[in-house]
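Each chain, letter by letter, is given below.
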Amino acid sequence: YSLLDQPQQQHDTHEFESESETILERAQRLAKKTAGSQRRKAIAAERRRGSNTNGMDAKEVENQLQSLYGPDIHILHETEDVIIIAKPAGMVTYHSKKTSAGKITSSRKKKSRAANANGVDGGKDGAKRVDISLVDALLDVPFALSTLNPTARGIVHRIDRGTSGIIVLAKTDEIHLRLVALFFLRRVKKKYLALIPGCDESNGMGGGKSEDPNNNPLQLPMGSTGVIDTPVDGRPAHSTYKVVGEYGNQQQQSSSPEAVLLEVQTVTGRKHQVRVHCASLGRPIFLDPLYSSSKAEEKPKAKEKGKKKKQPSSAMNADKSTPTLPKVISDLLGDSNHDEERFFLHATSLSISELGISVTAPLPSWWIDDIHQIQSD
């Protein structure tokens, strides 16, 4: 917090920068000491493997990644210090514990390339079945990633497995610390796109701010904006939103659209913040396995039977009914080839003014297909 306060106190800029450098140097020494032998092993492995892309440009490397992990992985920005990736939904950012399912082998690469070349979708084939993480995929290229956290190389923030879109990774230890500080000080601007039901499913029980004094169900007409201050896990959380798309029922002026595309900008960075905040509007994200009531009627997996499930945030406790889903969403739920670990939340844009970074991630291919289908129904 002292880093935030000092510029407001009009301290000398040079003094502020000097103190910031000192803090970052101390943090780097502490991180290296904490990482210990794991970090030394990571550095040794990096030296043996080499950390270059063999003269390939970014597009060639992107094509190589897409041949293995599908069309929705993109390289959005790369410098000597930073790489920014658009992650496909269903791919975990990193594994806290290494397993055989996450190991990259020649035979698995061959199967993944064949599956993607044939246009096979979903989690039953290719890399998703073997659960390869984004970090392991990048190290296999090979990209150099920061070793400050040997368990999660280069990771300075995360997005959920089921969320697609932008994630920033540090290539060097120095930029790793700077990025962590910028995220902590909320200097990073992030926007998400969420596909949600067109009507309020909670009978006005949501937590979004509405100008209606009678607390009628919150309306979300095209272009409307709002603020959500619903706490997440008991901690303050703040988001703003704007309706940027409507789909379905366009011929019936009296009916609500079947689906709404919501752009959400997060001010705080709580875990599951966008998912909880959409649910607080009475419109949980389509296919969200934790907060969407569309999953409420599904049978538990065999290994989960008899176990007490963790309850989702109170934002969803008010509504237990199963909503009327657009046909294309219902078809996805019944599609045996559909990846159950992906849902309609996409990290679409990110900017860091201090580093001159501003990137936008294209919508996932499966989103585009489904939105077009909703429009045509």
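Fair warning: this is a prediction, and the values are worked out from it, not measured in the lab.

Thoughts on the overall build of the chain
- Helices and strands together make up the secondary structure of the chain, namely ten helices and nine strands.
- Put simply, the chain has 377 residues, and 47% of those count as buried.
- Within the chain, residue pairs in contact and separated by at least 24 positions form 69% of the contacts whose partners lie at least 6 positions apart.
- Only carbon and sulfur atoms are counted for the fraction: they give 47% of the accessible area of the chain, which is about 19,900 Å².

Quick look at the packing of aromatic side chains
- What the rule picks out here adds up to two aromatic pairs.
- Ring centres 4.7 Å apart and planes at 45° place the aromatic pair Phe344 and Trp366 in the tilted group. Of this pair, Phe344 sits in the loop between helix H9 (327–334) and strand E8 (345–352) while Trp366 sits in helix H10 (residues 365–376), placing them 22 residues apart in sequence. Each member of the pair, Phe344 as well as Trp366, carries the same accessibility label: buried.
- Taking the centre distance of 5.3 Å and the plane angle of 55° together, the rings of Phe344 and Trp367 count as tilted. On the criterion of sequence distance, the pair formed by Phe344 in the loop between H9 and E8 and Trp367 in helix H10 is long-range, its members being 23 residues apart.
- Members of the aromatic cluster, each reached through a chain of ring pairs, are Phe344, Trp366 and Trp367.
- Over the ring of Trp366 we find Arg342, and its NZ or CZ is 4.2 Å from the ring centre.

So, the nonpolar core
- In terms of nonpolar packing, the biggest core is built from 53 residues, with Leu195, Ile285, Phe344 and Leu350 touching the most fellow members.
- Among the elements that make up this core, the one with the highest residue count is strand E4 (residues 188–197) (six residues).
- When sequence neighbours within four positions are dropped, the list of residues in contact with Leu195 reads Tyr247, Ala259, Val260, Leu261, Ile285, Phe286, Phe344, Trp367, Ile371 and Ile374.
- Grouped together as the second largest cluster of nonpolar side chains are 23 residues, Val61, Tyr69, Ile83 and Ile132 included.

Let's talk about the pattern of salt bridges
- In the structure shown here, the tally under the stated rule is eight salt bridges.
- For Lys59, the salt bridge identified is with Glu62, shortest N-O distance 3.0 Å. With a gap of three residues between them, Lys59 and Glu62 both fall in helix H3 (residues 58–69), about one helical turn apart.
- Look at Lys59 and you get partly exposed, because its relative accessible area is 49%.
- For Glu62, a relative accessible area of 8% translates into the label buried.
- Close ionic contact of Glu263 with Lys191 constitutes a salt bridge, the shortest N to O distance being 4.0 Å. Here Glu263, found in strand E7 (residues 259–266), pairs with Lys191, found in strand E4; they are 72 residues apart in sequence, far enough to count as distant.
- Judged by its relative accessible area of 23%, Glu263 falls in the partly exposed class.

Side note on the pairing of strand E1 (residues 74–78)
- For E1 and strand E2 (residues 82–87), the ladder comprises four bridges, and the chain directions are antiparallel. When the bridges of E2 are listed, His77 appears paired with Ile84.
- Between E1 and E2, which pair antiparallel and follow one another directly, the connecting turn spans three residues.

Looking at the confidence of the model for the chain
- The predicted model of the chain averages 77 in pLDDT, with 67% of residues at 70 or higher.
- At the low end of the mean pLDDT range in the chain sits helix H1 (residues 2–8), at 45; at the high end sits strand E9 (residues 357–360), at 98.
- This model gives residues 122–128 a pLDDT under 50, and the stretch forms 23 contacts once residues within four places in sequence are excluded.
- Taken as a whole, residues 313–322 scores under 50 in pLDDT and shows 20 contacts with residues more than four places along the chain or in a different chain.

Details of the environment of Lys59
- Linking Lys59 and Leu76, residues 17 residues apart in sequence, is a C-alpha distance of 10.0 Å.
- At 3.0 Å, the side chain of Lys59 and the side chain of Glu62 are in polar contact.

Remarks on H3
- Compared with the 16 Å implied by 1.5 Å per residue over twelve residues, the 16 Å span of H3 between its first and last C-alpha is a close match.
- Three or more residues of H3 are buried, namely Val61, Glu62, Leu65, Gln66, Leu68 and Tyr69. What you see down the axis of H3 is that its buried residues fit within an arc of 165°, all on one side.
- Gly70 occupies a position one or two residues after H3 and carries a positive phi of about 95°.

Details of the pairing of strand E6 (residues 239–247)
- Relative to E6, strand E5 (residues 225–228) runs antiparallel, the two being bridged by four bridges. By the bridge assignment for E6, Thr225 is matched with Lys242.
- Strand direction decides the pairing type here: E6 and E7, joined by eight bridges, are antiparallel. Residue pairing for E7: Tyr241 is matched across the bridge by Val264.

Conventions and cut-offs
- Every chain begins its residue count from 1, and numbering advances along the sequence as written.
- Residues qualify for local features only when their pLDDT is at least 70, as the model is predicted, and side-chain atom pairs are given and counted only at 80 or more; totals for whole chains, interfaces and linings, by contrast, use all residues.
- Side-chain metrics in this entry use all non-hydrogen atoms of the structure; hydrogen atoms and water are not considered.
- Secondary structure is summarised from DSSP: a helix means a run of H or I of at least four residues, a strand means a run of E of at least two, and numbering begins at the N terminus for each.
- Note on classification: 1.4 Å probe, protein chains only; a residue is buried when its accessible area is under 20% of the maximum for its type, exposed when over 50%, partly exposed between these limits.
- Residue contacts are defined here by distance: any two heavy atoms, one from each residue, within 4.5 Å place the two residues in contact.
- To measure how exposed things are, a 1.4 Å probe is used in the Shrake-Rupley method; for residues, cover is taken only from the protein chains shown.
- Only the six-membered ring of Trp is used, alongside the rings of Phe and Tyr, when aromatic pairs are assigned; centres must lie within 6.5 Å, and planes under 30 degrees apart are stacked while those over 60 apart are edge-to-face, with the rest tilted.
- Any Lys NZ or Arg CZ that is within 6 Å of a ring centre and within 35 degrees of that ring's normal is treated as a charge sitting over the ring.
- Take the buried residues of types Ala, Val, Leu, Ile, Met, Phe, Trp, Tyr and Cys, join any two whose side-chain atoms come within 4.5 Å, and each joined set is a nonpolar core.
- What counts as a salt bridge is simple: a side-chain nitrogen of Lys or Arg found within 4 Å of a carboxyl oxygen of Asp or Glu.
- Pairing between strands requires that DSSP locate at least two bridges from one strand to the other.
- The predictor attaches a confidence to each residue, called pLDDT, with possible values from 0 through 100.
- A 3.5 Å cut-off defines polar contacts: any pair of N or O atoms within that distance qualifies, except that in protein one atom must be a possible hydrogen donor and the other a possible acceptor, and neighbouring residues in sequence count only when both atoms are side-chain atoms.
- The span one expects for a helix is its residue count, reduced by one, times 1.5 Å.
- It is the directions from the helix axis to the C-beta atoms whose arc is reported.

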